[in-house]
Amino acid sequence: MAGVRVKNIKKVYPGGVTAVHKASLDIADEEFIVLVGPSGCGKSTFLRMIAGLESITEGEIYIGDRLVNDLLPRDRNIAMVFQNYALYPHMTVRGNLGFGLKLRKEPREEIEKKVQEAAEILDITQLLDRKPKQLSGGQRQRVAVGRAIVRDPDVFLFDEPLSNLDAKLRVQMRAEISRLHKKLNATIIYVTHDQTEAMTMGDRIVVLKDGIIHQVAPPIELYLHPVDKFVAGFIGSPPMNFIEGRIMAEGEKLYFDGGDFRVRVGDEQLESLKEYTEKKIILGVRPEDIYLSKYYDDKYPESRLEAMVDVVEPLGAEMYVHFRTGETHFVSRITVREYIKVGESTELVFDMSKVHFFDPESEKTI
């Protein structure tokens, strides 16, 4: 295996459309890194440039110690797993697994050995003599991964490999790919638009928007310490609530005034928010940090507010409750303890030790 180093790569398509803006990234040997972002953010283009399937306009790409800018994909010793599996329909699973090795003119005994090893790792030995049309979506995906394994590449590249699977199978395949990473000690670069996949699989996550890397961090750091409003809103389900307002001072205390409600700023953030006194600001609060006040201690008695229940979404062990106070709407994630009725008024409390504040112009975290 090998690490990957990307230095200031840029991709400009004919017509002047820039898909990736001078991005740099160091990926360690045996690291599982996930590129995540909304559709059209440049993550697949980024991956395809590493693979050699897209030319780069500027910058350098190293796999191990080799500069690979001018190398063909087959000479980069990478293996790519696509969203659509890309299996040969006329070949058996055995034939699909060994085809790339056959093209490299490896000995038949070696091909058979590698195919058998990959099949055992992925638990598809019983499928070796079937054709792709006889397989389920999950089985086809395993074959596609197996075809990558037999090549013994320096780097595995996954381009949204689970998008065509149903929800239950996606969860299963996420766990299998994570186990495979540990078993092979592989370097994996994985592209997805699904932030749940990113959070559960990656050692580190790269968050992209409009071809720009916004943050690179381990999942928990990304969740707890987003660098800006975009990352804060993209990571987390349901998304973080954003409320525009102003910081107001009363003596030594600071308050966030959202127009329809007012909450006191926690002592932890007093110093960083003083310069925003009388100025516009954006408060961000995650759904799980909004509580029914009766279940919350009085650490922040001045962070309570009255709100009307708009919508209730029961999910079994918890529910998403949409609240409204005046013209302000937000969502809370609440553990089911009692029946909450649409249209009723209730008292809520924000956990002010966990809220985030963002500059309204730069959208950077304060």
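This write-up is about the structure you can find in this document.

Conventions we followed
Sequence order as written defines residue numbering, which begins from 1 separately in each chain. Residues qualify for local features only when their pLDDT is at least 70, as the model is predicted, and side-chain atom pairs are given and counted only at 80 or more; totals for whole chains, interfaces and linings, by contrast, use all residues. By convention in this description, side-chain values take in all heavy atoms of the structure and omit both hydrogens and water. Numbered from the N terminus, helices here are DSSP runs of H or I no shorter than four residues, and strands are runs of E no shorter than two. Exposed residues in this analysis have more than 50% of their type's maximum accessible area, buried residues have under 20%, and partly exposed residues fall in between, with area computed by a 1.4 Å probe over protein chains only. Using a 1.4 Å probe, accessible areas were evaluated by the Shrake-Rupley method; residue-level cover was limited to the displayed protein chains. We treat Lys and Arg as the positive residues and Asp and Glu as the negative residues; His and chain ends play no part in the count. To locate a charge, take atom NZ for lysine, CZ for arginine, CG for aspartate or CD for glutamate. By the criterion applied in these results, polar contacts are pairs of N or O atoms within 3.5 Å in which, for protein atoms, one can donate a hydrogen and the other can accept it, and in which residues neighboring in sequence qualify only through two side-chain atoms. Two residues form a contact once any of their heavy atoms are found within 4.5 Å. Stacked, edge-to-face and tilted labels apply to pairs of Phe, Tyr and Trp rings (six-membered ring for Trp) whose centres lie within 6.5 Å, assigned for plane angles under 30 degrees, over 60, and everything in between, in that order. Cavity means a closed set of points on a 1 Å grid over the protein atoms alone, one where a 1.4 Å probe fits but cannot get out, pocket means an open set with protein on both sides within 12 Å along at least 5 of 7 lines, and lining means a residue has an atom within 4 Å of a point. Grid points are joined across faces, edges and corners, and a volume is the space filled by probe spheres set on the points. Under the convention adopted here, Pro, Cys and the residues Ala, Val, Leu, Ile, Met, Phe, Trp and Tyr are nonpolar, Asp, Glu, Lys and Arg are charged, and Gly plus all remaining residues are polar.

**Some words on the overall build of the chain**
Right, on to step 1. Secondary structure summary: the chain contains nine helices and 20 strands in total.
Right, on to step 2. By its C-alpha atoms, the chain is 80 × 45 × 35 Å across when sized along the principal axes.
Right, on to step 3. Buried positions account for 48% of the 366 residues belonging to the chain.
Right, on to step 4. Split by element, the accessible area of the chain, about 17700 Å² in all, is 48% carbon and sulfur.
Right, on to step 5. Looking at the chain, you have 50 positive and 57 negative side-chain charges, and the mean spots of the two groups are 7 Å apart.

**Focus on the side chain of Ser293**
Right, on to step 1. Within the secondary structure layout, Ser293 lies in the loop between β15 (290-292) and β16 (304-314).
Right, on to step 2. Polar contacts involving the side chain of Ser293 include one to the side chain of Arg304, which spans 3.5 Å.
Right, on to step 3. Contact partners of Ser293, with chain neighbours within four places excluded, come to Arg304, Glu347, Leu348 and Val349.

**Some words on the packing of aromatic side chains**
Right, on to step 1. Summed over the entire model, instances satisfying the criterion amount to 11 aromatic pairs.
Right, on to step 2. An angle of 75 degrees between the planes, with centres 5.8 Å apart, marks the rings of Phe261 and Phe350 as edge-to-face. Of the two residues, Phe261 is situated in the loop between β12 (253-257) and β13 (262-264) and Phe350 in strand β19 (residues 345-350); the sequence distance between them amounts to 89 residues. In this structure, Phe261 and Phe350 share a single accessibility class: buried.
Right, on to step 3. Ring geometry for Phe323 against Phe330: centres 6.2 Å apart, planes inclined by 35 degrees, an arrangement best described as tilted.

**Remarks on the environment of Leu128**
Right, on to step 1. You can see Leu128 is positioned in the loop between α3 (108-122) and α4 (137-149).
Right, on to step 2. Counting along the chain gives 146 residues from Leu128 to Lys274, while the straight-line C-alpha distance between them is 67 Å.
Right, on to step 3. Setting aside anything within four residues of it in sequence, one finds Leu128 in contact with Thr92, Val93, Arg94, Leu97, Val115, Gln116 and Ala119.

**Comments concerning empty space enclosed by the protein**
Right, on to step 1. Going through the model one piece at a time under the given rule, you end up with one cavity of 30 Å³ or more.
Right, on to step 2. Considering only enclosed or pocket space, the largest cavity measures out at about 40 Å³ in volume.
Right, on to step 3. Counting residues per element, the lining of the largest cavity draws most heavily on helix α5 (residues 167-184), at four residues.
Right, on to step 4. Tallied by class, residues from the lining of the largest cavity come to five nonpolar, no polar and one charged.

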